[in-house]
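What follows is the residue order along each chain.
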Amino acid sequence: MERNQLPRQVALMRQSLFDQGYVDEQFVQLEELQDETNPNFVEEVATLFYKDSARLLANIDQAMDRTPLDFAKLENYMQQFKGSCSSIGAKKVKHECTQFREYCRAGSTDGCMRTFQQMKREYSALRKKLETYFQAITGQYRPSWFLKMNRREL
């Protein structure tokens with residue numbers, strides 16, 4: 001890609017994150033907090049999100065393996081995960097968290113199972129899109145959470 005096309009490409013990639021519903025206005029707020037004194041602020045928040053979310057998803061996975069499901073515990077875990085999603089503006093993932101919590105309140109094992117799988121797909125898609133976006137910003141950028149995380153598929 002030509003050097004002068006890179007800023008346009010990055011801007012289009014960023015806009016697609018919003019247009020496709022992956023991120024919301026919280027992502028903009030994070031970007032606004034980034035400046036020359038803290039040039040990696042968005043990366044740092046994303047790193048914390050992926051580190052924290054990996055632990056929370058593991059807790060949910062373990063709770064989903066128990067029979068019968070403890071809906072109160074699952075709802076609590078998902079509330080924590082939703083809070084993490086909100087911190088980075090993970091719109092689609094946050095929506096699935098809300099759906100999951102509604103199924104917990106309704107006591108729907110099938111609903112929880114389906115929604116959890118969909119939430120993990122959205123989480124993985126967002127992770128890939130953010131990785132691509134951050135790589136495009138510098139042309140070589142590899143966020144530290146991708147290097148440190150266990151890359152197992154969710």
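Residues numbered from 1 in each chain as written. Predicted model: local features only at pLDDT ≥ 70, side-chain atom pairs only at ≥ 80, totals over all residues. Heavy atoms only, no water.

1. Brief notes about the pattern of salt bridges
Oppositely charged side chains may form a pair once their charged atoms are brought near each other. Keep this limit in mind: In what follows, salt bridge is the name for a side-chain nitrogen of Lys or Arg lying within 4 Å of a carboxyl oxygen of Asp or Glu. Helical segments are the DSSP runs of H or I of at least four residues, strand segments are the runs of E of at least two, and each set is numbered from the N terminus. Only protein chains enter the accessibility calculation, which uses a 1.4 Å probe; a residue whose area is less than 20% of its type maximum is buried, one above 50% is exposed, and one in between is partly exposed.
Overall, the coordinates contain six salt bridges when judged by the stated rule. Where Glu31 meets Arg14, a salt bridge forms, and the shortest distance between an N and an O atom there is 2.7 Å. Of the two residues, Glu31 sits in helix H2 (residues 25-33) while Arg14 sits in helix H1 (residues 6-19), which places them 17 residues apart along the sequence. Of the residues examined, Glu31 reaches a relative accessible area of 21% and is grouped as partly exposed.

2. With respect to the packing of aromatic side chains
Condition: Aromatic rings from Phe, Tyr and Trp, taking only the six-membered ring of Trp, are treated as a pair when their centres fall within 6.5 Å; an angle between ring planes under 30 degrees marks them as stacked, one over 60 as edge-to-face, and anything in between as tilted. Criterion for a charge above a ring: Arg CZ or Lys NZ at most 6 Å from the ring centre, at most 35 degrees from the ring normal.
One pass over the structure, following the stated rule, counts eight aromatic pairs. For the pair Phe49 and Tyr50, a centre-to-centre distance of 4.8 Å together with 75 degrees between the ring planes defines the contact as edge-to-face. Accessibility expressed as a relative area gives 2% for Phe49, which makes it buried. Here Tyr50 falls in the buried class, since its relative accessible area comes to 0%. Aromatic ring contacts, followed pair by pair, group Phe18, Phe27, Tyr133 and Phe134 into a single cluster. Directly above the ring of Tyr22 sits Lys92, whose terminal nitrogen or CZ lies 4.2 Å from the centroid. It is Arg114 that lies over the ring of Tyr103; its NZ or CZ is 5.9 Å from the centre.

3. Structural notes on the nonpolar core
Stated precisely, the cut-off is as follows: We call a set of buried residues a nonpolar core when its members are Ala, Val, Leu, Ile, Met, Phe, Trp, Tyr or Cys and they connect through side-chain atoms within 4.5 Å of each other.
Phe81 and Val93 are the most contacted members of the largest nonpolar core, which has 41 residues in total. Counting only elements with at least two residues in this core, the list comes to H1, H2, helix H3 (41-64), helix H4 (71-88), helix H5 (91-106) and helix H6 (109-138). Among the elements that make up this core, the one with the highest residue count is H3 (11 residues).

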